[in-house]
Amino acid sequence: MPDTIPEQDLGDSAYNYAYLDEQTKRMIRRAILKAVAVPGYQVPFGGREMPLPYGWGTGGIQVTAAIIGRDDTLKVIDQGADDTTNAVSIRRFFARVADVPTTTRTEEATVIQTRHRVPETPLQDGQILVFQVPIPEPLRMLEPRETETRTLHALSEYGVLRVSLYESIARHGRIAKTYNYPVLVNGRYIMSPSPIPKFDNPKLDRNPALQLYGAGREKRIYAVPPHTPVKSLDFDDHPFEIERWTECCALCGSTESFLDEMIVDDAGKRRFICSDTDYCQERQEEQSR
Amino acid sequence: MYVAVKGGETAIAHSLELLADRRRGSRDLAELTLDQIDQQLALAVDRVMTEGSCYDRPLAALAIKQARGDLIEAIFLLRAYRTTLPRFGHSEPLDTSRMVAERRISSTFKDVPGGQVLGPTFDYTHRLLDFSLAANGERPAAPTAPVDATRDLPRVGDILEREGMLEPPPPANSGVPTQDITRDPLTLPADRPVRLQNLARGDEGFLLALGYSTQRGYGNNHPFVGEIRFGAVPVSFVPEELGFPIEIAEIDVTECDMVNQFAGSHDVPPQFTRGYGLAFGHAERKAMAMALVDRALRAGELSEAVTSPAQNEEFVLAHSDNVEASGFVQHLKLPHYVDFQSELVIVRTLRAEVDARRQQAALDQAAE
């Protein structure tokens, strides 16, 4: 990554390794351990103010800061792309405060921080996927009271969510929820997978990588340990299904990946390309070989 | 082709340069100094210190300068700095009866021990633009009466309390350490110390609107300003190795003791209840709004019906923080095209299904 951004007068040496002080990191690691021990359960943690705004990945950044070390290789994506502005900003933050090598290659990374996507390239044992989560509570839009939702989780009382999916079928003839599609983790807790498209939900299931979810503003951490069953909610007569495109990627020709739509002229002509820039790039390189 | 997302790195670099340039403004004008901000925009500094939860005038002034006068951005800057500081412990509770008050008024009694002291206030200014300020009008120093700093200033509430007319304040630290909301996540229901911390750093505008709503009937509790005082109070701290309190600082605070009606209940005779507000520096609007909302949030404790937003603890505490609110509202500027793409796919599918049904219906009709 070329270093073209002028250094702000941050006085980096005044900050601890990876920005957070060691006490805070330990507190976050404890929360992570608890989250791993109880898959899908939202663990409250003492979220700190970060030098990036709430809603821009402060939860993911705190989780990454707590687990990262100099021997890690970091990849940061936003909407599947390595070079969107917020991904660039977060990657630069860690390159500066944690002194880690960064990469855009999914298979080279030990820690991948992501917003809104799971990479197309299958993850491996030992990799950690850190999700940025805006609203960790899958029941929030149905029940705004935190005191109430915690009780519902404790009792596995998830009827309200199933009814909302049923209502969607009654109204639209299908489940019209497209992203942040709720999942049942390890048969116990219903979890928000963060606003990934439901296209990515099947990748969460029994994934060999560790999935950590950080919500900074809401001060919650949760996790899906490697190889844990993750089931998207559905009904026997309305099984879960993912988005499909009639087009293929205009750059690499993939028919398997999540496609972004771009409007390329004033007449509204559209092109579709892979949302995962690394996956697309690798396929193009393979084809040109 | 397709360069839109590739420009991120350079675009950020240029944006930062442009921002720094715009902050400086015209180079023909002298640059603002932190002392000027501290002295001449003192109330902005007060607000940034209060909602930034950090009493440091030069740092708050720096934040205001860096934020180009955007106070919520300045509060964010100060908080992001504060969070990196080590926490040594907590001070002894401030004793505001030891305040050297520059201003002190009560609206419940015509005169009170210690007297009413108007001090510097906008209250009785006529809001006429003072064009002499535009012409750089210097002011002579204002005459002030000598202040007896050694004399305690009893609180109006204490006097009412002695009569049993006003509920006593909650018992002092009962040995349970007070939770620090900048270190521990908010858990609900929250106790009053947690609520007061949340309100103290809460957005002034948000609390003002909520406090106002209680006056207009959404959770009314008939408030009177028992007392507002502003001035300097000493801060004491007990270092572990000493075991006794030492004074480490003197800070300016504004305190508001709001006295509210309470009809009494089955076991408790009617008496006045209190709502409490405290802010760094001179911030009466904030302290009063905080006191109104504090009292409104005590509805449950006082067996009043919880019917209004200002009485709803979850609603108030979860939405009072302007750094959180500002971040989450503005994150909508970040790309959301993956989610939007998913929505496009489903809306197109649903529309196609409706179209197909319509066409089929038209065909069926034609065939009849």
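The residue numbers shown here count from 1 along each chain, following its written sequence. Key to labels: chains lettered from A, ligands numbered from 1, both in the order written. Owing to the predicted nature of the model, reporting of local features is limited to residues with pLDDT of at least 70; listing and counting of side-chain atom pairs is limited to 80 or more, with chain, interface and lining totals taken over all residues.

> Is there a simple way to think about the overall build of chain A in this case?
Each helix and strand in chain A was counted, giving seven helices and eleven strands. Taking 19 Å as the expected radius of gyration for a compact globule of 289 residues, we find that chain A reaches 20 Å, a close match to that expectation. In terms of overall dimensions, chain A has C-alpha extents of about 60 × 50 × 35 Å along its principal axes. Within chain A, the fraction of its 289 residues that count as buried is 48%. The contact criterion used here is simple: two residues whose C-beta atoms, placed from the backbone, lie within 7 Å are in contact. When contacts within chain A are restricted to residue pairs at least 6 apart in sequence, long-range pairs at least 24 apart make up 62% of them. The way it works is that DSSP assigns letters per residue, a run of H or I at least four long becomes a helix, a run of E at least two long becomes a strand, and they are numbered from the N terminus. The globule rule used for comparison is 2.2 Å times the number of residues to the exponent 0.38, while the radius of gyration itself is calculated over C-alpha atoms. Once C-beta atoms are placed from the backbone, each residue is buried if 20 or more other C-beta atoms lie within 10 Å of its own, exposed if 12 or fewer, and partly exposed for counts between those two.

> Hey, could you run me through the overall build of chain B in this one?
In terms of helices and strands, chain B carries 13 helices and four strands. In terms of overall dimensions, chain B is more spread out than a globule: its C-alpha atoms have a radius of gyration of 27 Å, far above the 21 Å expected for 368 residues. Taken over the C-alpha atoms alone, chain B extends approximately 95 × 70 × 55 Å along its principal axes. With 368 residues in all, chain B has 30% of them scored as buried.

> Help me out: how do you make sense of the sheet that holds strand E6 (residues 189–191) of chain A in this one?
What holds strands together in a sheet is hydrogen bonding between their backbones, with the strands either parallel or antiparallel. All names here are of chain A. Note on pairing: DSSP must find at least two bridges between two strands before they are called paired. Strand order in this open sheet of three strands is E6-E5-E9, and the pairing throughout is antiparallel. Where the open sheet ends on each side, the last strands, each with one partner, are E6 and strand E9 (230–232). Along the sheet, successive strands turn relative to each other by an average axial angle of 35°, direction set aside. A fitted line through C-alpha atoms serves as each axis, taken over the contacting stretch for helices, and the angle formed by two N-to-C directions is quoted from 0 to 180°.

> Would you mind showing me how to read the interface of chain A and chain B here?
The extent of an interface is frequently quoted as the accessible surface area lost upon association of the parts. Facing the 47 residues of chain A at the interface are 41 residues of chain B. Ranked by residue count, the leading element in the side of chain A that touches chain B is helix H3 (residues 85–97) of chain A, at four residues. As a working rule, the residues Ala, Val, Leu, Ile, Met, Phe, Trp, Tyr, Cys and Pro are called nonpolar, Asp, Glu, Lys and Arg charged, and the rest polar, with Gly in that last group. When grouped by side-chain class, the residues that make up the side of chain A that touches chain B number 18 nonpolar, 16 polar and 13 charged.

> Please explain the domain arrangement of chain B as it appears in this structure.
Residue and element names in this part refer to chain B. In this document the domain limits rely on a domain assignment from an automatic tool or a database. Taken domain by domain, chain B comprises domain 1 (9–82) and domain 2 (96–122 + 150–169 + 180–320). The C-alpha-based centres of domain 1 and domain 2 are spaced at 29 Å. Contacts between the two partners involve nine residues from domain 1 and, on the opposite side, twelve residues from domain 2. The residue makeup of the side of domain 1 that touches domain 2, split by class, is four nonpolar, two polar and three charged.

> What is the right way to read the packing of helix H4 (residues 57–66) of chain B against helix H5 (residues 71–82) of chain B from this model?
Packed helix pairs are characterised by how far apart their axes lie and by the angle those axes make with each other. Residues and elements named next belong to chain B. Running from N to C, H4 and H5 cross one another at 130°; their axes reach a closest spacing of 8 Å. Classified by the angle between their axes, H4 and H5 sit oblique to one another. In this structure, the crossing between H4 and H5 has a hand that is right-handed. Of H5, the residues touching H4 (which contributes Leu59, Ala60, Ala63, Ile64 and Gln66) are Leu71, Ala74, Leu77, Leu78 and Tyr81. For the contact of H4 with H5, the per-class residue count stands at nine nonpolar, one polar and no charged. Angles below 35 degrees are treated as roughly parallel, those above 145 as roughly antiparallel, those between 65 and 115 as roughly perpendicular, and all remaining angles as oblique. By the definition used in this description, the sense in which the near helix is turned from the far one sets the handedness, with an anticlockwise turn below a right angle giving left-handed and a clockwise turn giving right-handed.

> What should I look at first to understand the domain arrangement of chain A in this one?
Residues and elements named next belong to chain A. Splitting chain A by domain gives domain 1 (12–140 + 173–232) and domain 2 (244–289). Using C-alpha coordinates to define each centre, domain 1 is positioned 26 Å away from domain 2. Listed as interface residues are 14 residues of domain 1 and, on the opposing side, seven residues of domain 2. Partitioning the side of domain 1 that touches domain 2 into residue classes produces four nonpolar, five polar and five charged.

> Just checking my understanding: could you explain helix H7 (residues 277–288) of chain A for this structure?
Quick reminder: α-helices carry 3.6 residues per turn. Residues three or four places apart thus point the same way. Residues and elements named next belong to chain A. Under the convention used throughout, the expected extent of a helix is 1.5 Å for every residue step, that is, one less than its residue count. Under the 1.5 Å per step criterion, the end-to-end length of H7 is 16 Å for twelve residues, consistent within 8% with the ideal 16 Å. Taken together, the buried positions of H7 are occupied by Thr277, Asp278, Tyr279, Cys280 and Arg283. Contacts made by the buried residues of H7 are with strand E11 (270–274).

> Is there a simple way to think about the packing of H3(A) against helix H1 (residues 8–24) of chain B in this case?
Where H3(A) contacts H1(B), the axes come no closer than 9 Å and their chain directions differ by 75°. It follows from the interaxial angle that H3(A) and H1(B) lie roughly perpendicular. Only B:Gly8, B:Glu9, B:Ala11 and B:Ile12 of H1(B) make contact with H3(A), whose side of the interface consists of A:Thr85, A:Val88 and A:Ser89. Class assignment for the residues of the contact of H3(A) with H1(B) results in three nonpolar, three polar and one charged.

> Even after reading the chapter, I still don't get the environment of B:Met288, so can you show me in this structure?
Summarising the element assignment, B:Met288 is placed in helix H10 (residues 284–297). Considered as a pair, B:Met288 and B:Gly211 are 77 residues apart in the sequence and their alpha carbons are 8.2 Å apart.

> Help me understand the sheet that holds strand E4 (residues 128–132) of chain A, please; the structure alone is not making it clear to me.
Residues and elements named next belong to chain A. The sheet built from six strands is open, its strands ordered E1-E8-E7-E4-E3-E2 with mixed pairing. Both edges of this open sheet fall to strand E1 (43–44) and strand E2 (74–78), since each of them pairs with a single strand only. In the packing of helix H1 (residues 22–37) onto the sheet, the strands contacted are E1, strand E7 (210–215) and strand E8 (220–224), and the crossing angle to E8 comes to about 45°. Packed on one face of the sheet, helix H2 (residues 58–67) meets strand E3 (111–115), E4, E7 and E8 and runs near 150° to E4.

> Even after reading the chapter, I still don't get the environment of A:Thr178, so can you show me in this structure?
Residue position: A:Thr178 is located in the loop between helix H5 (159–172) and strand E5 (183–185). Contact partners of A:Thr178, with chain neighbours within four places excluded, come to A:Pro197, A:Lys198, B:Ser342, B:Glu343 and B:Ile346.

> I tried to follow unusual backbone geometry on my own but got confused; where do I start?
Here the amide bond leading from B:Leu188 into B:Pro189 is cis, since omega sits at -5°, within 30 degrees of zero. Along the chain, the position of B:Pro189 falls in the loop between helix H7 (156–162) and helix H8 (192–200). In this structure, A:Ala18 takes a positive phi of about 60° despite not being glycine. You will see that B:Arg68, though not glycine, has its phi angle at about 60°, which is positive. Structurally, B:Arg68 can be placed in the loop between H4 and H5.

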